[in-house]
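One-letter residues, chain by chain:
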There are 4 protein chains.
Amino acid sequence: MKKREVEASVKDERLVIKRRDQMIKGAVTLFKQKGFHRTTTREIARAAGFSIGTLYEYIRKKEDILYLVVDRMYDQIRERLQKDLDTNQGTVEALKLSIAYYFREMADMQDEVLVMYQEAKSLGKDALPYVLNKEIQMVGMFENVIGNCVKNGELDLTEQEVKLIAHNIFVQGQMWAFRRWALQKAYSLEEYIELQLDLLFHGMKEGKVKLGTGGEG
Amino acid sequence: MKKREVEASVKDERLVIKRRDQMIKGAVTLFKQKGFHRTTTREIARAAGFSIGTLYEYIRKKEDILYLVVDRMYDQIRERLQKDLDTNQGTVEALKLSIAYYFREMADMQDEVLVMYQEAKSLGKDALPYVLNKEIQMVGMFENVIGNCVKNGELDLTEQEVKLIAHNIFVQGQMWAFRRWALQKAYSLEEYIELQLDLLFHGMKEGKVKLGTGGEG
Amino acid sequence: MKKREVEASVKDERLVIKRRDQMIKGAVTLFKQKGFHRTTTREIARAAGFSIGTLYEYIRKKEDILYLVVDRMYDQIRERLQKDLDTNQGTVEALKLSIAYYFREMADMQDEVLVMYQEAKSLGKDALPYVLNKEIQMVGMFENVIGNCVKNGELDLTEQEVKLIAHNIFVQGQMWAFRRWALQKAYSLEEYIELQLDLLFHGMKEGKVKLGTGGEG
Amino acid sequence: MKKREVEASVKDERLVIKRRDQMIKGAVTLFKQKGFHRTTTREIARAAGFSIGTLYEYIRKKEDILYLVVDRMYDQIRERLQKDLDTNQGTVEALKLSIAYYFREMADMQDEVLVMYQEAKSLGKDALPYVLNKEIQMVGMFENVIGNCVKNGELDLTEQEVKLIAHNIFVQGQMWAFRRWALQKAYSLEEYIELQLDLLFHGMKEGKVKLGTGGEG
DNA sequence: GATGAATGAGCGTTCATTCAT
DNA sequence: GATGAATGAACGCTCATTCAT
C-alpha cells in the first residue's frame, strides 16, 4: 500500500520534515495527556514551537496530525521489531526471545500504544486502511518467524493457528499498556513476560486428576 | 463500589428507564459510527426519538450518556455471564463451554464492545474507576471458575497464572470485536473459538524435532 | 394610574390571591439571593410549594412575577409610610420623626429595596411606568408633609426645593440599603439617621473663619 | 487593590485597547437599553463591529465585558474628578465648584452611570470588591477636600459628618441619572446643581414662626 | 384546578481554519 | 515562509412556556 501523503504548502522538503518532527513530538505529548479530541491545534502549534499559521503550512486538517503521529509510531515499533526479527534464526528459542523483546518494546512505548489504540478510530476513511495495513504487516512479521519454526519442524501448527498466535502475541504486547490499571498492579513486566510465554507455549497445565473417565465427552 | 447514579429531572421511574433505553439504543449506534466526541447531543436526542430538551431531562451532562451506555453494557455482559457461570460445575469441560459461551456473547455485542473499548477513557474521573471496577469483577468471575478447576485438581496453576489466564480470556473475547477487520476475514466465529480454546489449553504444539540441546528443557 | 392586572387562568379569586401570596413569598427570597434573571420559574414554583404547571395558571410570563413582587413591595412600603404620615401634624418636629421612621422602615426592608432597585429595570414597557408612578406617589407623600411645614410657616422653602428635598429623603432611605457595604461599616442605623437629619435641616456647618470678603482671591 | 486583569488571546496591546474600546462602546449602548442579562454576546460583537469569535479573542467570559465597562467608567470619572480636585485649594468656594463640576460630569455620563448602578451586582465575587473599592476611593476624594475645608476652619464638621456628606454628594451625582425620569422633568441640570448645593450647605431654611415655645411635646 | 414531561429557541463559548500582512 | 487576528459554524446546555393527562 502506498504511503498516504499529507500535503504541505511549503516546498522545502528538509523544512517539511523538520517542522513535522517538531509537530509530532509536541502532539504525542499532548495526545498522551488529553487525547486527540481534547487537544487543540493551537496547543499543538505552541508545543511544536511555532504559530498556528505555520502549523497549517505543513498540514491541511487537524486529522493530518493524528495520522502523522500514528504513522510515526507504527514506523518506530516496526523498525525496532524488524531489527530484532532480522537476527531471528527461526528457532523456538529465538522466537521466545523475540516475543519477550517485543513485549518490552511495547511496555517502553506504553503511552504511544494507548494513543494509537484509542485515537486511531478518529482517522478518516482514507487514512484508516493505511494504518490497519501497517498492523497487518507487523502481525505478518510474527507469522513469519512462527512459520519458520513450523518449517523447521520445531513447532507443529496449521497456518490458521500460526496466524491466530501471531494476533494473540500482538495483542498481549498491547495489553500491558491498555490494561495497565490491572496488570501492572499484579505483575512486574518480567513476570508478565515469563507467564505469558509459558502460557503461549504450554497452555494451561493439567492436574493429576484423570479427566477421561466420565466428563461430558 | 456504589453505583454511580445519573440524576434525572423527571420523577417517573418507569419513564426514566424507558427514555434512557431509547437514549442508549440511539447513542450506541451513533458512538459506533462516529465515536463519542463526534456525536452531538442533538443527534443522540434525534436518534432516541425526542428533543434535545427532553434528553437533558434524563441526564445532566453529555458524559452521562456515555456512562449510561457503558454501564448498561457491562451489566448485560455480566448478567449473561453470571447466569452461565452459575451452572458451571468447576470442571475443565464446563470451563471450556463457558469460555465459548462468553466468546459468543461478546461477538453478539460487538458494537457495544467496540464503543466500550474505545470510548471508556472519555469518562470522567469519577465514572472511570467505577467502570474499571466492573471489569475487575468480570475478570474475577473467570478467575473463580478457573480457580475451581485448580481446587478440583483438574488444572495445576498458580494464582498468578489463573489471574493472567482470566485476563487473556477476557481480552480474547473483546479481540473478536476490536480486531474484526483482521480476524473476521480469516475465521468464522466458531473457528475462532475452537482455535483459541485449543491454544488456551495446550499452547503451541511442539514438532517432532528435538529441541533439547540448549534451552530451558 | 390603573392597577396593571396580571391575568390568571384560574377563576377563583380567593385562590388566585392565595397562590400569588405563596408565589411572591418564594420569589422574594430567591430574588434577594440571586436576582431576577438568575432565578428560574421552576425554582419559584418549588419555593412557592407547587408545580411549574400550576405557576403558569396564575401568571402569563415570568416577568409577571417580578411585577407582582415589586408591586407588593411598594404597597407594603407605602402602606407603612402612609400610616405614619397620617398622624403627622405638619410640624418640623413631626417631620423629623417621620423621616426617621421611614429610614428605619427602609432599613427593615433592605433586601426588598435592593431587589426593587436592581431588578425594576427588567420590567417591560407597560409595567415600568406603573411602578415609577408608585414611586412618584411616595415622594409626593413627603412633598406633602414638607409642604405642610411650609404652609405652617415653620419652613421657608420654594416648591422646587420641597420637591428636591423629598427626593433626597427618599433616596437617603434607600441608600442605607444599596450602599450598605460602606455605610453599615461606618455607622449604626441610629447614627446614620441622626446625622442625615442634622444635615438635611442644617446643611454643613460653617466654621468661625470669615468667608465673606469675596471668593478665594 | 491590584487591577483585575482581563485576559486577551491577542498579543498586540494596541489592538487589544482598540478592540476593547469598540466593545465597551457597543456594550454600554446595549446594556443601557436592555441590561446586561438581556444583551447577548453576539449583539455586543455586532455592535462592536466584529464577529463573536473575535469578541472572545479579547475577553474570556461575558462578565468580563461588564467588568471592562464598569472599570472604564470608574476610571474616566475618577480621572476627571482627580484633575479637578487637584486644583482645589480647600476653600468652601472651591468645594462648591468641584461638586458642581462633579454633578455635570455625572450628567454627562448618565448612561454609563445607569449601567454601573444597575448592573454592578452582576459582577462575580472577584470583580465586585475591586469595583466597590474604586467607589470608596472616589468618595475618599470628596472626604479629603471637605476635610481640608474643616482644617482651614471654613467648615465645622466631625469626621463622621464629613464621610456622610461625601457619600451624599456622591449619590446625588448619580441621582440625576438614576432618577432622571422624575428629576429631569422638574429641573434643568443647572437648577438641580444650584438647589442641591444650597441644600447641602444650608439645609432646609427655617420659617419665621417660632419653633421653640412648645412644639408637639 | 393541578401536574410535570416535552419542547426548541436561544444562550455562552470553543476552535479548526483562513488569509492579509 | 511565518505570523496571528479574524471568522462563524457548531457545540453543550438551559429554561420559559405549553398542553395532554
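A quick note: this is a predicted structure, and the numbers were derived from the prediction, not measured.

Examining the UniProt feature "DNA-binding region" (unreviewed entry) in chain A
Point 1. The UniProt feature table records "DNA-binding region" (unreviewed entry) at residues 40-59 of chain A.
Point 2. End C-alpha to end C-alpha, residues 40-59 of chain A measures 14 Å, and it is 75% helix and 0% strand.

Overview of the relation of the copies chain D and chain C
Point 1. Note on the copies: chain D fits chain C at an RMSD of 0.7 Å, the axial shift is 0.3 Å, and the rotation between them is 178 degrees. The transformation relating the two chain copies, once decomposed into turn and shift, fits a two-fold axis. No C-alpha of chain D approaches the rotation axis more nearly than that of glycine 203 of chain D, which lies at 2.1 Å.
Point 2. The fraction of interface residues of chain D whose copies in chain C are also interface residues reaches 97%, indicating that both copies meet through the same surface.

Description of helix α8 (residues 159-178) of chain A
Point 1. With 20 residues, α8 of chain A ought to run about 28 Å at 1.5 Å a step, and its terminal C-alpha atoms sit 28 Å apart, in line with that.
Point 2. Most of α8 of chain A is tucked away, with 17 of its 20 residues classed as buried.

Some thoughts on the protein's contact with DNA strand E
Point 1. Taken together, 40 residues surround DNA strand E, and among them Arg19, Arg42 and Tyr58 of chain B, Tyr58 of chain C together with Tyr56 of chain D come closest.
Point 2. Counting only the atoms of DNA strand E within 4 Å of the protein, the fraction contributed by sugar and phosphate is 60%.
Point 3. With respect to DNA strand E, the side chain of arginine 42 of chain C contributes an N or O atom lying 3.2 Å from a base nitrogen.
Point 4. Here a phosphate oxygen of DNA strand E and a side-chain polar atom of threonine 54 of chain C are 2.7 Å apart.
Point 5. At the level of secondary structure, the elements contributing two or more residues to the surface near DNA strand E comprise α2 (41-48) and α3 (52-58) of chain A, α1 (13-38) and α3 (52-58) of chain B, α1 (13-38) and α3 (52-58) of chain C together with α2 (41-48) and α3 (52-58) of chain D.

Details of the interface of chain D and chain C
Point 1. Between chain D and chain C, the contact holds 59 residues from the first and 59 residues from the second.
Point 2. Here chain D is connected to chain C by five salt bridges.
Point 3. With a shortest N-O distance of 3.0 Å, glutamate 161 of chain D and lysine 205 of chain C are connected by a salt bridge.
Point 4. The interface formed by chain D and chain C includes 21 residue pairs in polar contact (both at pLDDT 80 or more).

Details of the protein's contact with DNA strand F
Point 1. Neighbouring residues of DNA strand F: 40 residues in total, closest Tyr56 and Lys62 of chain B together with Arg19, Arg42 and Tyr58 of chain D.
Point 2. For DNA strand F, the backbone portion of the atoms within 4 Å of the protein, that is sugar and phosphate, comes to 62%.
Point 3. Residue serine 51 of chain A places a main-chain N or O atom 3.5 Å away from a phosphate oxygen belonging to DNA strand F.
Point 4. One of the backbone N or O atoms of threonine 41 of chain C is found 2.7 Å from a phosphate oxygen in DNA strand F.
Point 5. For the surface near DNA strand F, the secondary-structure elements that each account for two or more residues are α1 (13-38) and α3 of chain A, α2 (41-48) and α3 of chain B, α2 (41-48) and α3 of chain C together with α1 (13-38) and α3 of chain D.
Point 6. Of the residues assigned to the surface near DNA strand F, the class counts are 14 nonpolar, 13 polar and 13 charged.

Quick notes on helix α6 (residues 110-119) of chain B
Point 1. Most of α6 of chain B is tucked away, with eight of its ten residues classed as buried.
Point 2. Residues of α6 of chain B that are buried include every one of Gln110, Val113, Leu114, Val115, Met116, Tyr117, Gln118 and Glu119 of chain B, and no others.

Let's talk about the packing of α1 of chain D against α2 of chain D
All names here are of chain D.
Point 1. Taken N-terminus to C-terminus, the directions of α1 and α2 make an angle of 145 degrees; their axes are 8 Å apart at the nearest point. In this structure, the crossing between α1 and α2 has a hand that is right-handed. Facing Gln22, Met23, Gly26, Ala27, Leu30, Phe31, Lys34 and Arg38 of α1, the residues of α2 in contact are Glu43, Ile44, Ala47 and Ala48.
Point 2. Taken together, the residues of the contact of α1 with α2 sort by class into seven nonpolar, two polar and three charged.

Considering the packing of aromatic side chains
Point 1. Tallied over the entire structure, the rule returns 36 aromatic pairs over all chains.
Point 2. Here phenylalanine 178 of chain C and tyrosine 117 of chain D contribute two aromatic rings whose centre-to-centre distance is 5.2 Å and whose plane-to-plane angle is 90 degrees, an arrangement assigned as edge-to-face. A residue pair is termed interchain when its members come from two chains, as with phenylalanine 178 of chain C in helix α8 (residues 159-178) and tyrosine 117 of chain D in helix α6 (residues 110-119).
Point 3. Geometrically, the ring pair formed by tyrosine 117 of chain D and phenylalanine 178 of chain D is stacked, given 4.1 Å between the ring centres and 5 degrees between the ring planes. Placement of tyrosine 117 of chain D in helix α6 and of phenylalanine 178 of chain D in helix α8 (residues 159-178) is noted, with a sequence separation of 61 residues between them.
Point 4. Relative accessible area serves as the criterion here: at 15%, tyrosine 117 of chain D is assigned to the buried category.
Point 5. With relative accessibility at 9%, the residue phenylalanine 178 of chain D sits in the buried group.

Details of the arrangement of the chains
Point 1. With respect to C-alpha atoms, chain A approaches chain C no nearer than 31 Å, and the pair has no contact.
Point 2. With no contact formed, the shortest span from any C-alpha in chain B to any C-alpha in chain D equals 21 Å.

Focus on the domain arrangement of chain A
Residues and elements named next belong to chain A.
Point 1. The domain architecture assigned to chain A consists of domain 1 (8-60) and domain 2 (66-202).
Point 2. Look at where the C-alpha atoms of domain 1 and domain 2 centre, and you get two points 28 Å apart.
Point 3. With twelve residues of domain 1 at the contact, the number on the domain 2 side is ten residues.
Point 4. Across the domain 1 to domain 2 interface the summed buried area is about 980 Å²; carbon plus sulfur atoms make up 74%.
Point 5. Counting the surface domain 1 buries against domain 2, the share from its top three residues, Ile24, Lys32 and Phe36, is 49%.
Point 6. Between the two partners, domain 1 and domain 2, sit three salt bridges.
Point 7. The salt bridge involving arginine 72 is made with aspartate 21; its shortest N-O contact spans 2.8 Å.
Point 8. Linking domain 1 with domain 2 are two residue pairs in polar contact (both at pLDDT 80 or more).
Point 9. Partitioning the side of domain 1 that touches domain 2 into residue classes produces seven nonpolar, two polar and three charged.

Criteria and cut-off values
- Residues numbered from 1 in each chain as written.
- Chains lettered and ligands numbered in written order.
- Predicted model: local features only at pLDDT ≥ 70, side-chain atom pairs only at ≥ 80, totals over all residues.
- Heavy atoms only, no water.
- UniProt positions renumbered as here; feature names shortened; annotations may be inferred.
- Helix = DSSP H or I, 4+ residues; strand = E, 2+ residues; numbered from the N terminus.
- Least-squares fit on C-alpha atoms with pLDDT ≥ 70 in both.
- Contact = heavy atoms within 4.5 Å.
- Expected span 1.5 Å × (residues − 1).
- Buried < 20%, exposed > 50% of the residue type's maximum accessible area, 1.4 Å probe, protein only.
- Near = heavy atom within 4 Å.
- Polar contact = N/O pair within 3.5 Å; in protein donor to acceptor, adjacent residues only side chain to side chain.
- Salt bridge = Lys/Arg side-chain N within 4 Å of Asp/Glu carboxyl O.
- Nonpolar A, V, L, I, M, F, W, Y, C, P; charged D, E, K, R; others polar.
- Axes fitted to C-alpha atoms, helices over the stretch in contact; angles between N-to-C directions.
- Left-handed = near helix turned anticlockwise from the far one by under 90°.
- Phe/Tyr/Trp six-rings, centres within 6.5 Å; stacked < 30°, edge-to-face > 60°.
- Domains from an automatic or database assignment.
- Buried area = accessible area lost by both parts, 1.4 Å probe.

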